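Chain residues, written in single-letter form:
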There are 2 protein chains.
Amino acid sequence: MARTVTRTRRTRPSADQTRERILAAALDLFSDRGFDGASTREIAQRAEVTQPLLNYHFSSKDDLWRAAVDGLFAALTRAMTDRTAGLRGVDELTAARLLVREFIAFSAEMPQLHRIITQECKVDGPRMDWLVERHVRPMYDGITALFSALTEQGHLPAIPPAHLYYILTGAAPTMFVLGPECRRLSGLDPTSDEVVDAHADAVCMFLFGH
Amino acid sequence: MARTVTRTRRTRPSADQTRERILAAALDLFSDRGFDGASTREIAQRAEVTQPLLNYHFSSKDDLWRAAVDGLFAALTRAMTDRTAGLRGVDELTAARLLVREFIAFSAEMPQLHRIITQECKVDGPRMDWLVERHVRPMYDGITALFSALTEQGHLPAIPPAHLYYILTGAAPTMFVLGPECRRLSGLDPTSDEVVDAHADAVCMFLFGH
DNA sequence: GCAGGACCTTATCGATCGATCAGACTTCTG
DNA sequence: CAGAAGTCTGATCGATCGATAAGGTCCTGC
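Residues numbered from 1 in each chain as written. Chains lettered and ligands numbered in written order. Predicted model: local features only at pLDDT ≥ 70, side-chain atom pairs only at ≥ 80, totals over all residues. Heavy atoms only, no water.

1. Looking at helix H5 (residues 61-85) of chain A
Here H5 of chain A contains 25 residues, and its C-alpha end-to-end distance of 36 Å stays within 8% of the 36 Å for a straight helix at 1.5 Å per residue. Buried within H5 of chain A we find Leu-64, Trp-65, Ala-68, Val-69, Leu-72, Phe-73, Ala-75, Leu-76 and Ala-79 of chain A. (Helix = DSSP H or I, 4+ residues; strand = E, 2+ residues; numbered from the N terminus. Expected span 1.5 Å × (residues − 1). Buried < 20%, exposed > 50% of the residue type's maximum accessible area, 1.4 Å probe, protein only.)

If you want it as structure tokens, here you go:
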């Protein structure tokens, strides 16, 4: 594998940079247009490389998609674990509010995550099984565990955690997933810090009481 | 136009039925796989016709997509106006709860609506302008008007209506949009009446207070 | 009863898709 | 310095895409 040899020997710095440029371009186009709608030629054009180079760094379009999605969920995991690490000694309710805010901030910065989930998980397809078992289920388990603990302590109403999960993962990112539509309909800029903070305020107010 | 002539003269009953079968198949496949991912041959196969027949009844794939989306939003409009008509004399908060429940019930029965919005409205594309101005904006105006009235009367916290809109249109349908994923993750069947009712209970509790 | 329109099919077009191959260029190694 | 390995490109493959042309069948109206 050229990839592993390059990574271990690091003979040229350009290969890894090129790989990262391809992954970033692929993530944007896959999340925007879907797996079928994103052509490898357009991904290559955005990454400023030629199209056959994608098949040099990745064995197939499917492999490129998986690598891009892996990077995306790795960023989510890193953001949430970093945030959790800074919450030692904080009471559980405050910690939960801050974790929800972190999830919303990440969803605003990387709406590609939710775009890809909604593209692949609505119908059983060749990529749904991989995506759910590898990435979505850990996210589901973490969020529902948090909500179950909060419900037991009386901080949330007695709603089954599955419903809470889909309320949160719907209410939190939709404004950012539909960014261009939101800008056009409401005039708000969903990439601005003020709007992101206001949305986090709103979701937390509904979740944890008025 | 063959379409109008058929409808006015009604020479053969099969033409309109075929048209409806094509529209239903197109709606399912467009919402599942996106505009690019849904091939006209697969739509034709699901409608049990040959592929060139789509270009006989519709001038292009784009025209077929627009016709299918028109029918989808017409069904939403019909459901909501019918529900509103049955609410004379009901106080505003109860009416709002019932309208939200109707919106959730429709989203559960026809998740294609939200799937198509999220496919087309995340990036400016050839179909987003048409979809937003023709269908999404009226929905946005109706929902935000309802929320603004509720906020003025103190039934909702003072949150800008745009945020309320994206919280509702995210929290309400996501469980049904991601139906196969939900079934796999939680074991719940998002097409069953019990789960739909439970989700409506949860969203209303989330929105209108614990 | 036949002329014409409505409805549908088979065959096929050019364009674009993902993927592959041979070779060129660069950099490291012996 | 010569060869090997890593990185990238131009050319091109077969498959599939949306769309069209041409023809056939059946019903309707004169």
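Moving on, there is more to tell.
2. Side note on the interface of chain A and chain B
In this assembly, 51 residues from chain A lie in contact with 53 residues from chain B. Regarding the contact of chain A and chain B, the summed buried area is about 4700 Å², with carbon and sulfur atoms giving 69% of it. Of all residues in chain A, the largest losses of buried area upon contact with chain B belong to Lys-122, Tyr-166 and Phe-206 of chain A, amounting jointly to 19% of the total for that side. Across the chain A-chain B interface, the total number found is six salt bridges. Measuring nitrogen to oxygen at the nearest pair gives 3.2 Å for the salt bridge that ties Arg-184 of chain A to Glu-133 of chain B. Here chain A and chain B share 12 residue pairs in polar contact (both at pLDDT 80 or more) between them. Looking at the side of chain A that touches chain B, its residues break down into 29 nonpolar, 12 polar and 10 charged. (Contact = heavy atoms within 4.5 Å. Buried area = accessible area lost by both parts, 1.4 Å probe. Salt bridge = Lys/Arg side-chain N within 4 Å of Asp/Glu carboxyl O. Polar contact = N/O pair within 3.5 Å; in protein donor to acceptor, adjacent residues only side chain to side chain. Nonpolar A, V, L, I, M, F, W, Y, C, P; charged D, E, K, R; others polar.)

3. Topic: the side chain of Thr-40 of chain A
All names here are of chain A. As for its position among the elements, Thr-40 is in helix H3 (residues 40-47). Note on Thr-40: relative accessible area 17%, which makes it buried. Engagement of the side chain of Thr-40 in a polar contact is seen with the side chain of Gln-51, the distance being 3.2 Å. Apart from residues lying up to four places away in sequence, Thr-40 is in contact with Gln-51, Leu-54 and Lys-61.

4. Thoughts on the relation of the copies chain A and chain B
Between chain A and chain B, the superposition needs a rotation of 180 degrees and an axial shift of 0.0 Å, giving an RMSD of 0.1 Å. The relationship between the two copies is best expressed as a two-fold rotation axis. Closest approach to the rotation axis among the C-alpha atoms of chain A is made by Gly-170 of chain A, whose C-alpha sits 1.9 Å away. Of all interface residues in chain A, 100% are interface residues in chain B too; the two copies therefore contact each other through one and the same surface. (Least-squares fit on C-alpha atoms with pLDDT ≥ 70 in both.)

5. Focus on the environment of Leu-72 of chain B
Residues and elements named next belong to chain B. Inspection of the secondary structure puts Leu-72 in helix H5 (residues 61-85). Owing to a relative accessible area of 1%, Leu-72 belongs among the buried residues under this scheme. Residues Leu-72 and Leu-27, 45 residues apart in the sequence, show an inter-C-alpha distance of 8.1 Å. Beyond its immediate sequence surroundings of up to four residues, Leu-72 is in contact with Leu-27, Phe-106, Met-110, Gln-112, Leu-113 and Ile-116.

6. Points about the packing of aromatic side chains
All names here are of chain A. Summed over the entire model, instances satisfying the criterion amount to 11 aromatic pairs over all chains. Their ring planes at 55 degrees and their centres at 5.6 Å tell us that Trp-65 and Trp-130 sit as a pair that is tilted. Here Trp-65 is found in helix H5, whereas its partner Trp-130 is found in helix H8 (residues 128-152), with 65 residues between them in sequence. Classification of Trp-130 as buried rests on a relative accessible area of 16%. (Phe/Tyr/Trp six-rings, centres within 6.5 Å; stacked < 30°, edge-to-face > 60°.)

7. Overview of the packing of H5 of chain A against H8 of chain A
Residues and elements named next belong to chain A. Contact geometry of H5 with H8 gives a least axis separation of 11 Å together with a crossing angle of 5 degrees. The angle between H5 and H8 places the two elements in the roughly parallel class. On H8, the residues that touch Trp-65, Arg-66, Val-69, Asp-70, Phe-73 and Leu-76 of H5 are Trp-130, Leu-131, Arg-134, His-135 and Met-139. Each residue belonging to the contact of H5 with H8 can be placed in one class, and the counts come to seven nonpolar, one polar and three charged. (Axes fitted to C-alpha atoms, helices over the stretch in contact; angles between N-to-C directions. Parallel < 35°, antiparallel > 145°, perpendicular 65-115°, else oblique.)

So yeah, pure geometry; function would need other evidence.
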